[in-house]
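Structural overview for review
Chain by chain, the residues:
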Amino acid sequence: MLGVLVFGLVGPVVVVAIYRFVPPPMTWLMVERMFQGHGFDRRWVPLSRISPELVRSVIGAEDARFCIHHGFDWNAMQKAMDANEAGKKLRGGSTISQQTAKNVFLWPHRDYVRKGLEAWFTVLIETIWGKSRIMEVYLNSIEWGPGVYGAEAAAQADFHVSAARLNPAQAARLAAIIPKPLSWKAARPGPYIQRRGGHIAAAAGTIRRDGLAGCVRR
């Protein structure tokens, strides 16, 4: 019983504390994709070398209340539940913090055990890391194409520029493909991604004007 307590409670605290300063290694998803033959391209860069346009775009696209909530957006979760119960298109209510906890520490396939652990890791990273580190890890870890992980690799692969030099349109297109990075293309967007990118660019403008990315210090 003591061993289970240490493994389940203390172990995650230690790992999260280490990753507050050390870049997390390969994730479960990265390993799985390699076995699927997708390759591996990830180039870790500090948040100071990632365009603030991308920060604002992903907040506008994925989690507009990122700087307001403490890991969980209960309003978004309730809206997602209501939409699903009404038989509408499946919606997610995960925050950037929850996505980061899942991507870095857990396996990609959804089940109740993973959701419980995701909540625990979300609390830990919000407490130990803070918003800037969460955003830094998120932007360096998420999948942006077959074998492409993180903002620097994505910027180089899609636009042949560094992550620091992404312009608003490029940042919005990268944010637009986050839900389906193996199907949607930022460099060669179809009509849907073009429209979605336009909406995200407008949202990013609102994020900037209203100071809704102020918690992310570069």
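Everything discussed here concerns the structure shown above.
The rules behind these values
- Residues numbered from 1 in each chain as written.
- Predicted model: local features only at pLDDT ≥ 70, side-chain atom pairs only at ≥ 80, totals over all residues.
- Heavy atoms only, no water.
- Helix = DSSP H or I, 4+ residues; strand = E, 2+ residues; numbered from the N terminus.
- Buried < 20%, exposed > 50% of the residue type's maximum accessible area, 1.4 Å probe, protein only.
- Contact = heavy atoms within 4.5 Å.
- Areas by Shrake-Rupley, 256 points an atom, 1.4 Å probe, with all protein chains shown as cover.
- Polar contact = N/O pair within 3.5 Å; in protein donor to acceptor, adjacent residues only side chain to side chain.
- Axes fitted to C-alpha atoms, helices over the stretch in contact; angles between N-to-C directions.
- Parallel < 35°, antiparallel > 145°, perpendicular 65-115°, else oblique.
- Left-handed = near helix turned anticlockwise from the far one by under 90°.
- Disulfide = S-S within 2.5 Å.
- Phe/Tyr/Trp six-rings, centres within 6.5 Å; stacked < 30°, edge-to-face > 60°.

**Side note on the overall build of the protein chain**
From N to C terminus, the protein chain includes 10 helices and three strands. Mapped from its N terminus to its C terminus, the protein chain presents α and β elements in the order α-α-β-α-α-α-α-α-β-β-α-α-α. Buried residues in the protein chain amount to 44% of all 218 residues. Of the contacts made within the protein chain by residues no fewer than 6 positions apart, 69% connect residues no fewer than 24 positions apart. Summed over all atoms, the accessible surface of the protein chain reaches about 11,400 Å², with 60% contributed by carbon and sulfur.

**A few points about helix 3 (residues 52-62)**
An α-helical segment advances 3.6 residues per turn. Residues three or four places apart therefore align on the same side. Regarding helix 3, the residues found buried are Glu53, Leu54, Val55, Arg56, Ser57, Val58 and Ile59. In this structure, the buried side of helix 3 is in contact with helix 5 (96-105), helix 7 (131-141), strand 2 (143-145), helix 8 (151-159), helix 9 (168-176) and helix 10 (191-209). Capping the start of helix 3, serine 51 holds a side-chain oxygen 3.0 Å from the backbone nitrogen of glutamate 53, two or three residues further along.

**Brief notes about the packing of helix 8 against helix 9**
In a packed pair of helices, the relevant descriptors are the angle between the two axes and the axis-to-axis distance. In the contact formed by helix 8 and helix 9, the axes pass within 11 Å of each other and the chain directions differ by 110°. Overall, the two elements helix 8 and helix 9 adopt an arrangement that is roughly perpendicular. For the pair helix 8 and helix 9, the crossing hand works out as right-handed. From helix 8, Ala154, Asp158 and Phe159 reach across to helix 9, where they touch Gln170, Arg173 and Leu174.

**Quick notes on the state of the cysteines**
Structurally, a disulfide amounts to a covalent bond that connects the sulfur atoms of two cysteines. Overall, the coordinates contain one disulfide when judged by the stated rule. Through a disulfide, cysteine 67 is tied to cysteine 215; the S-S separation comes to 2.0 Å. Around the S-S axis, the bridge from cysteine 67 to cysteine 215 shows a dihedral of about -75° and counts as left-handed. Note that cysteine 67 is positioned in the loop between helix 3 and helix 4 (74-85) and cysteine 215 in the segment after helix 10, a separation of 148 residues in sequence. Overall, cysteine 67 belongs to the partly exposed group, its relative accessible area being 24%.

**Points about the packing of aromatic side chains**
For the coordinates displayed, the defined rule picks out seven aromatic pairs. Between phenylalanine 40 and tyrosine 149, the ring centres sit 5.8 Å apart and the planes meet at 35°, which makes this aromatic pair tilted. Taken as a pair, phenylalanine 40 in the loop between helix 2 (28-35) and strand 1 (41-42) and tyrosine 149 in strand 3 (residues 148-149) lie far apart in primary sequence, 109 residues in all. Judged by its relative accessible area of 38%, phenylalanine 40 is partly exposed. Assessed through its relative accessible area of 1%, tyrosine 149 is described here as buried. Ring centres of phenylalanine 105 and tryptophan 129 lie 6.0 Å apart, and the angle between their planes is 40°; this geometry places the pair in the tilted category. Placement of the pair is phenylalanine 105 in helix 5 and tryptophan 129 in the loop between helix 6 (112-128) and helix 7, with a sequence separation of 24 residues. A relative accessible area of 12% places phenylalanine 105 in the buried class. Here tryptophan 129 falls in the buried class, since its relative accessible area comes to 5%.

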